[in-house]
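Chain by chain, the residues:
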Amino acid sequence: MLNKKTVDDLQVKGKRVLLRCDFNVPLQDGVITDENRITAALPTIQKLVDDGAKVILCSHMGKPKGEPKPELSLAPVAKRLSGLLGKDVVFAKDDTVVGENARAAVAKMQDGDVVLLENTRYRKEETKNEETFSKELASLADIFVNDAFGSSHRAHCSTVGVTAFVQESAVGYLMEKEIAFLGNAVNNPERPFVAILGGSKVSDKINVIRNLLEKVDTLIIGGGMAYTFSAAGGGTSLLEEDKIPYALDMMKQAKEKGVRFLTPVDTVIAKEFKNDTEYKTVTAGEIPDGWMGLDIGEKTRELFADAIKGAKTVVWNGPMGVFEFENFAGGTKAVAEAMAAINATTIIGGGDSAAAVNQMGYGEKMSHISTGGGASLEFLEGKELPGVAAVDDK
């Protein structure tokens, strides 16, 4: 743990606590379609309620770009939270977030009450971390708790700025868990340590690969980014030609460091980018003109599963193929299956891989599924997250 104050270090009875959560959940016609992020916040909210705090919740949702957008209001979240907590969560509908309505709602609070403020990104100052809005948020509270790991890689008013204007700040249980799992995996892993990187672009993961090469025993590369590595070893499917020298360099570095570096040996290719299309398996790097690679092949699945088998720590970020199409979900499923079957610390780094694992029914089998895609990637890059750094040290 990064030696930060946690909710367990606070005396909150009768105090106003501003709790930054990540309620950036998908909505369809005003209905929440995936409430994982809301349920992930419940332990910290419940702890503060039980300890007699006045709990003021805040979060962003989507990208309203500094103006009120009714379709991005947090009203549906307040309603769902009321159901999950079994108590009334007052929604402070307020286009300026900290306006008359919000102040009145907070002034009426009794110990153990919960109020949810409107979408923090209704204010253009939020994403610029401008002092005016930070001070307004802080004026509602005595203590600030950050439990929004998914937003902790951003220096915004509600994640960083507010900490300068409250008496005390701490991280919530979700942040603590994320930092513990990801931090231990990267800095103090039980070995063998295997990292699996997928997704479409090498350019998104350059720094992650560089950082992980210093730490892992085996690095597995799949997904669209693997084609650049196959091309580096000869072959025709050049995706990011400008990144081939980089791919070559990484493979050379892995060799020098004694890191096992695995890339696909075969590829499932398709005529068109859709599920119902002609497809077949070819040797990696030998994709004919007019075809595209959409998944890792059978031999690669066995190779990757075998490398996962002996691991004691596994971190996975990014799918192996276009898992949204059933015909090209096999590679991602094979990795999830292999991870679910081992007795080890298994961590899914948020984003698409988290969605894939949950969708395929392996979520329960993993040690930890991160709630932050971008944040977990930056953590794996070895970067300090502003939202964590800003909180008081113990």
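Before reading on, note that the structure itself is shown above.
Residues numbered from 1 in each chain as written. Predicted model: local features only at pLDDT ≥ 70, side-chain atom pairs only at ≥ 80, totals over all residues. Heavy atoms only, no water.

Engineer: Tell me about the overall build of the chain, and name the residues and values.
Structural biologist: When its secondary structure is counted, the chain shows 13 helices and 17 strands. In terms of overall dimensions, the chain is globule-like: its C-alpha atoms have a radius of gyration of 23 Å, near the 21 Å expected for 394 residues. Structurally, the chain occupies a C-alpha span of about 65 × 45 × 35 Å along its principal axes. Relative to its 394 residues, the chain shows a buried fraction of 57%. Of the contacts made within the chain by residues no fewer than 6 positions apart, 74% connect residues no fewer than 24 positions apart. Summed over its atoms, the accessible surface of the chain is roughly 16500 Å², and 46% of this surface lies on carbon and sulfur atoms. (Helix = DSSP H or I, 4+ residues; strand = E, 2+ residues; numbered from the N terminus. Rg over C-alpha atoms; globule rule 2.2 N^0.38 Å. Buried < 20%, exposed > 50% of the residue type's maximum accessible area, 1.4 Å probe, protein only. Contact = heavy atoms within 4.5 Å. Areas by Shrake-Rupley, 256 points an atom, 1.4 Å probe, with all protein chains shown as cover.)

Engineer: Any chance you could break down the layout of surface pockets for me, citing the residues and the numbers?
Structural biologist: For the largest pocket, the calculated volume is near 730 Å³. Looking at the largest pocket, it is lined by 31 residues, and the ones nearest its centre are Asp34, Asn36, Arg37, Asn358 and Ser370. Among the elements of the structure, α1 (36–50), α5 (173–187), α11 (351–359) and β17 (368–369) are those that each provide at least two residues to the lining of the largest pocket. Per-element tally for the lining of the largest pocket: the top contributor is α11, with five residues. (1 Å grid on protein atoms, 1.4 Å probe; cavity = no way out; pocket = protein on both sides within 12 Å on 5 of 7 lines; lining within 4 Å. Points joined across faces, edges and corners; volume = space filled by probe spheres on them.)

Engineer: Tell me what's going on with helix α10 (residues 330–340), and back it up with residues and numbers.
Structural biologist: Structurally, the α-helix is built with 3.6 residues per turn, so residues lying three or four positions apart point the same way. Burial analysis of α10 places eight of its eleven residues in the buried class, which makes it a mostly covered element. Residues of α10 that are buried: Gly331, Thr332, Ala334, Val335, Ala336, Ala338, Met339 and Ala340. Where α10 is buried, its residues meet β9 (193–197), β14 (292–296), α9 (298–309), β15 (313–317), β16 (345–348) and α11.

Engineer: Give a description of the nonpolar core that names residues and reports values.
Structural biologist: Membership of the largest hydrophobic core comes to 37 residues, with the highest contact counts inside it found for Leu197, Ile209, Leu213, Leu219, Ile221, Phe229 and Phe261. Of all the secondary structure elements, the ones that give two or more residues to this core are α5, β9, α6 (206–213), β10 (218–221), α7 (226–232), α8 (244–257) and α12 (373–380). Counting 31 residues, the second largest nonpolar core, distinct from the first, contains Phe23, Ala53, Leu72 and Ile143. (Core = buried A, V, L, I, M, F, W, Y, C linked by side-chain atoms within 4.5 Å.)

Engineer: Just give me the short version of the environment of Val77, but keep the residues and values in it.
Structural biologist: Considering the arrangement of structural elements, one finds Val77 in helix α2 (residues 75–85). Through-space distance from the C-alpha of Val77 to that of Val89 is 9.4 Å; in sequence the pair is twelve residues apart. Once residues lying within four places of it in the same chain are set aside, the contact partners of Val77 are Phe23, Val25, Ile32, Ile38, Met61 and Leu116.

Engineer: So, the sheet that holds strand β11 (residues 260–262): which residues are in play, and what are the values?
Structural biologist: Strand order in the open sheet made by the six strands is β11-β10-β9-β15-β16-β17, with parallel pairing throughout. Because the sheet does not close on itself, it has two edges, and the strands there are β11 and β17. (Pairing = 2+ DSSP bridges.)

Engineer: I'd like a description of unusual backbone geometry, backed by residues and values.
Structural biologist: Arg191 connects to Pro192 through a cis peptide bond whose omega is 0°. Turning to its location among the elements, Pro192 is positioned in the loop between α5 and β9. Look at Asp29: it is not a glycine, yet its phi comes out positive at around 50°. Along the chain, Asp29 falls in the loop between β2 (27–28) and β3 (31–32). Given a relative accessible area of 79%, Asp29 falls into the exposed group.

Engineer: Provide a residue-level description of the side chain of Ser376, including the pertinent values.
Structural biologist: In this fold, Ser376 is placed in helix α12. Polar side-chain contacts of Ser376 include one of 2.9 Å to the backbone oxygen of Gly349. In contact with Ser376, other than residues within four places in its own chain, are Phe149, Leu182, Asn317, Gly349, Gly350 and Ser370. (Polar contact = N/O pair within 3.5 Å; in protein donor to acceptor, adjacent residues only side chain to side chain.)

Engineer: Describe in detail the pattern of salt bridges, supporting the description with residues and values.
Structural biologist: For the structure on display, the rule yields 22 salt bridges. Residue Arg16 is joined to Asp142 by a salt bridge in which the shortest nitrogen-to-oxygen separation is 3.2 Å. Taken together, the residues span a long stretch of sequence, with Arg16 in strand β1 (residues 16–20) and Asp142 in the loop between α4 (131–139) and β7 (143–146) at a distance of 126 residues. Judged by its relative accessible area of 25%, Arg16 is partly exposed. Here Lys243 ties to Asp242 by a salt bridge, and the two come within 3.0 Å at their closest N and O atoms. Owing to a relative accessible area of 17%, Lys243 belongs among the buried residues under this scheme. A residue is classified by how much of its surface remains accessible, and Asp242, at 58% relative accessible area, is exposed. Each of Asp8, Lys47 and Asp51 takes part in salt bridges that share partners, so that together they form one network. (Salt bridge = Lys/Arg side-chain N within 4 Å of Asp/Glu carboxyl O.)

Engineer: Describe α12, naming the residues involved and giving the relevant values.
Structural biologist: In terms of burial, α12 is a largely internal element, six of the eight residues being buried. Ala375, Ser376, Leu377, Glu378, Phe379 and Leu380 are the residues of α12 that are buried. On its buried side, α12 packs onto α5, α6 and β15. Following α12 by one or two positions, Gly382 has its phi on the positive side, about 90°.

Engineer: A description of the pairing of β15 should follow, citing residues and the corresponding values.
Structural biologist: Side-chain direction in a regular strand flips from residue to residue, so the side chains alternate between the two faces of the sheet. Judged by how many residues are buried, β15 sits mostly within the fold: five of five residues are covered. By the alternation rule, side chains of β15 split into Thr313, Val315 and Asn317 and Val314 and Trp316, which are all buried. Bridge analysis of β9 against β15 gives five bridges, and the strand direction is parallel. Pairing of Ala195 across the sheet is with Val315, part of β15. In this view, the connection linking β15 to its parallel neighbour β16 by way of α10 has right-handed handedness. (Right-handed = clockwise from strand over helix to strand, strands pointing away.)

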